[in-house]
Each structure stands twice: as structure tokens, then as C-alpha cells.
Amino acid sequence: MKPKRKIRIKLTHKSIVMGILFLIMMPLQAKERGFTDASDYGFSPKASGVENVKALQTALNQGGNIIVSEPGTYKVAGTSYIGSNTSIEFAKGVILQKVDEEGPFSHVLLNKGALTRTWDEHISVKGLHISVNGVVKRYNEVFGLRGQLAFFYVKDLKIEGFRCYDIEGVQFSIHVCTFEDLLIDDTILEGDKDGIHLGRGNRFKISNATFKTLDDALALNAHDYANSNPEVGWIENGVIENCNDLSLEGQPIVGYFCRILAGGWIDWEEGLELQNADAVVSGGRIYRVDGLGDDGKPIKGTWKTKTRPTHKEGTVVLDGIKWVMMQDDVQYTAGVRNVVYRDIFLEKPRSSFSIHFDNSSWSRSYYPGADIPQQEQLLFDNVKVLHDGELPFVKVNTPVDVFTITNCSLRNSGILFHGKKGYVPDYGKTFVNFYGNTLYRKGEMVLIENRIPGKEIELRTANNIEIYDDFKALIIEGEGNIKIESDLTGLK
């Protein structure tokens with residue numbers, strides 16, 4: 001048998017020069033044609049996940065318009081980072097599939113400024129389809145940031161045509177926190193965790209979305225679990241329209257179509273009794289207690305703080321309390337205000353909207369003695385309840401000044417005011433406008449039930465349609481005070 005011949009490639013001076021010229025010319029060619037094709041840098045359905053992350057990052061670093069033009073499934077084994085003034089568009093048939101080649105990771109795509117809390121601007125992501133493929137990690141680069149597609153400190157962000165059909169239980173699909181001017185359009189999201197999860201931000205629109213999620217389809221979580229948002233503050237001035245909430249077959253009925261979450265906290269003082277996820281203000285910064293055990297579940301019980309947290313970043317343990325520095329933008333309340341929900345179609349038989357405080361070992365949104373956050377000016381317009389479930393259409397357990405329900409179609413579910421006695425000193429007065437709605441209930445329907453002692457509610461209804469002759473609206477006042485001006489049978 002003849003020995004195998006060794007093939008040797010001789011690198012000549014000419015070949016080296018030509019290779020260097022090729023690397024130099026690629027960005028110039030991209031500039032001439034107006035876009036960069038990621039395949040020019042080796043991004044390929046045939047490459048490994050590690051190779052693809054490196055190639056995609058090189059393409060994204062060029063800035064401007066990036067495209068992925070060849071259909072196929074692309075393995076990705078880590079996070080790619082997108083910066084300001086960059087758009088990336090994925091052709092139809094392109095799927096980015098997470099793979100565990102170097103260990104689990106959180107985000108497929110994350111903005112560069114998230115790592116340093118510096119603003120990125122003018123970013124567009126179009127046509128992205130992520131396959132989670134069982135590869136999940138609650139958070140990695142930024143404490144509390146948990147999206148497969150994630151942005152933190154971003155202005156003028158547009159996400160279009162996003163798809164994810166296998167959301168896993170410890171990560172959200174889209175997660176955006178600390179933003180200005182956000183547009184999310186044309187999404188289909190399915191799986192075991194939140195579809196779109198927002199932290200604090202101003203001016204947003206979410207449109208043309210289909211959800212099939214076990215947990216919340218939408219979470220407007222101005223406050224949150226300590227490990228579910230990297231910062232806290234107000235979410236305001238938004239429109240959510242043309243959305244469908246579908247049932248996830250074989251799964252329990254949990255969560256909400258939209259959670260609308262508020263919170264309040266106080267200044268640090270020696271001797272404060274704290275539990276998991278409590279927040280305090282100290283030295284011009286907000287710190288939170290990370291009270292989760294090794295199993296990822298909250299450690300039950302409380303700790304007394306003796307030593308003031310002062311660190312500028314990261315986590316420090318003091319008096320047995322694990323303190324996370326959350327932000328150096330001090331606020332004392334968080335909530336949601338000035339949001340419109342329009343043209344919503346609800347097939348999943350769960351509570352539709354929850355104007356919400358948490359109060360559990362996972363998080364207590366309101367710390368005793370804090371300023372009381374009042375959520376404001378919520379509008380529900382042309383929301384169609386397509387199921388026969390009896391869970392509330394709107395649940396309220398925070399102060400809210402006014403919300404309006406108009407042009408909606410309701411069946412068996414009304415409005416529930418509830419709250420733990422003494423949890424909040426004053427739940428305030430709430431105006432409820434209810435007009436132009438269609439009621440498909442046969443017989444008696446509890447339109448409003450109040451379980452909050454001393455709660456004041458003023459209900460005004462007009463121009464509503466009762467489909468069945470035996471319809472009758474009921475009010476359960478409880479220990480509160482409800483003033484009524486109504487056109488509805490039973491309340492006139």
C-alpha cells in the first residue's frame with residue numbers, strides 16, 4: 001500500500017496580499033450595495049453554532065443594514081450583540097436555533113448598551129424566528145433580563161415579524177426594559193412563559209400579535225420579581241391593538257392576557273424587616289433583595305438589615321442579605337398609565353386584565369409605609385371575549401383613578417376589586433366608564449364585585465346592549481361604597 005500523500009498549501013506573498021485585500025474590500029462592497037450580507041462573513045446553515053455567532057457578530061459590527069438572505073436553520077451557540085444605527089432583516093425560511101455547544105445561554109440577540117447601561121438608538125429587527133430548542137438560562141449578562149430577544153437601554157427600537165413557537169419556562173420571548181419609542185408588530189408567540197414582557201419605558205405600540213402562552217401573553221411590569229426585570233419605574237403612553245389570545249392545549253389556566261403591575265418602596269433604614277425582592281433606596285441608588293435559594297425558589301421568611309448597601313454595581317452580601325444594585329435613577333413608585341387596548345380577541349378562558357400588586361414570597365410590590373402608586377387612564381376598546389369562562393374581565397387590586405370599557409363584547413365575566421386588608425392603607429376612588437358594550441349573558445351577571453373594605457367606586461354606564469331578555473346586572477358592594485348611574489337592567 002502506497003503511503004498517503006500529504007497535501008501542502010504554499011502561501012505566497014501574492015496570496016496573502018489578496019486575502020488581506022478581500023477582507024478590506026468586503027465592507028467597501030457592502031457600503032456600495034447598501035447592505036451587508038451576513039453570509040459574507042461565514043454565517044451559514046452548514047456552520048456550527050460557535051462559528052455562526054462569531055460570523056453574525058462580525059456582520060453586526062459593520063452597522064447599517066444587515067441581511068440574512070439564505071433560507072435555512074442556523075445554529076447559534078451564544079448571544080450576538082447589536083448596536084446603534086443598525087438594522088437586521090432575516091429572509092423567509094430563516095430560523096436561528098439555539099444549541100448547547102458551550103453551555104446554556106440566555107439571549108439570542110441583545111443590544112450592546114445593555115451591558116453598560118448606555119443608550120442604543122435606531123435599531124430594527126425584522127423577520128427573526130428563534131427556535132429555543134430547550135436551551136435556556138434565566139439570565140446571564142444582565143441580572144433580571146430574561147428574553148430570548150432582549151433589549152435594555154434602547155431608543156427607537158422596531159421589532160417586526162418575530163416568531164417563537166417553543167418559549168421555555170424560565171425565559172420570556174421578547175423582553176424590553178428602560179426604553180423610549182418602541183414598536184413591536186406582527187408577532188406569533190407560543191409556549192410556557194410570557195410572550196412580551198416590558199419593564200419601564202415611555203411611548204410604545206404593540207400590534208398584530210397572536211399569543212398562545214401558558215403564562216402572561218403581555219406583561220407590563222413596572223414593578224416585578226427581583227429577577228424578572230433589571231430596573232423598575234413607570235410604563236406609560238402606549239397602544240396595544242389587534243391581538244389574539246389563544247388557549248394552549250392541555251395546559252392549566254394561569255396568568256392573564258395582560259398583567260398591569262405597580263409597586264412602591266422606601267428609603268433604607270437600619271432594622272428594616274425585608275423579604276425576597278424588597279427594594280430600598282440608599283445613597284441615590286435602588287437596591288433589591290435577592291432572596292432566591294439554589295433551587296431558584298424564594299427563601300421564605302425575613303431578614304433584618306443592619307448595614308446600609310452602598311456598592312455601585314453587582315451583588316454584595318451584608319448581614320446575610322444578598323443585595324443587588326438595581327439602578328441609580330431613584331424613584332419610589334412604579335406603575336402603568338395612559339395605555340389603550342384596542343381590537344383584542346380573547347379565546348383563552350382566563351382573567352383578561354389584571355391591574356395588579358404582587359403579594360407573595362416571590363415579591364410584595366408594595367412595602368408598608370411607601371408612597372402609594374396610582375395606576376392611571378386605562379382604556380379597553382373593542383375587546384371581544386370569545387370564551388364562556390367566568391374569571392373576571394378586569395381584576396383590580398391597586399389604586400387606579402379611572403378605566404374605560406367601551407365597544408366590548410362580554411359574556412360571563414365582569415369586574416373584580418380585591419385586595420388584602422391592610423396591605424395598602426388607601427385604595428382610593430376609582431371611576432369606571434362602561435358604555436357601548438354588548439352583553440351576551442343569560443340571566444344574572446355580576447358586573448362589579450368589591451372585596452376591599454372602604455373602597456369607593458363610581459360606575460357610569462350608557463348605550464349598552466343586552467342580548468337576552470332575562471339579563472340582569474348585579475353589583476356586590478361588600479364593605480365599600482359604589483355610586484351608580486346606569487342604563488342596565490337591574491341597575492337603573
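These remarks concern the structure in this document. As the structure is a prediction and not an experimental result, all values here were calculated from the model.

1. Description of the pairing of strand E27 (residues 336–346)
As defined by bridge partners, strand E16 (residues 235–245) adjoins E27 across nine bridges and the pair is classed as parallel. Pairing of Val239 across the sheet is with Val340, part of E27. Bridge count for E27 against strand E29 (residues 376–385) is eight bridges, and the pairing is parallel. When the bridges of E29 are listed, Phe345 appears paired with Lys384.

2. Examining the sheet that holds strand E9 (residues 130–131)
One open sheet accounts for three strands, arranged E3-E6-E9; its pairing is parallel. Either end of the sheet is taken by a strand with one partner, and the two such strands are strand E3 (72–76) and E9. Bridge count for strand E6 (residues 94–98) against E9 is two bridges, and the pairing is parallel. Pairing of Leu96 across the sheet is with Ile130, part of E9.

3. Considerations on the environment of Gly113
Note that Gly113 resides in the loop between strand E7 (109–111) and strand E8 (120–126). Remark: the alpha-carbon pair of Gly113 and Val154, spanning 41 residues in sequence, is separated by 7.8 Å. The contacts of Gly113, once residues within four sequence positions are left out, are Thr118, Asp120 and Phe152.

4. What to know about the sheet that holds strand E21 (residues 279–282)
Spatial ordering of the open sheet is given by E19-E21-E22-E25-E24, a layout of five strands whose pairing is mixed. The open sheet has two free edges, formed respectively by strand E19 (266–267) and strand E24 (315–318), since each of these has just one partner strand. Where E19 lies against E21, two bridges are found, and the strand directions are parallel. When the bridges of E21 are listed, Ile266 appears paired with Val280.

Reading the values: the criteria
- Residues numbered from 1 in each chain as written.
- Predicted model: local features only at pLDDT ≥ 70, side-chain atom pairs only at ≥ 80, totals over all residues.
- Heavy atoms only, no water.
- Pairing = 2+ DSSP bridges.
- Helix = DSSP H or I, 4+ residues; strand = E, 2+ residues; numbered from the N terminus.
- Contact = heavy atoms within 4.5 Å.

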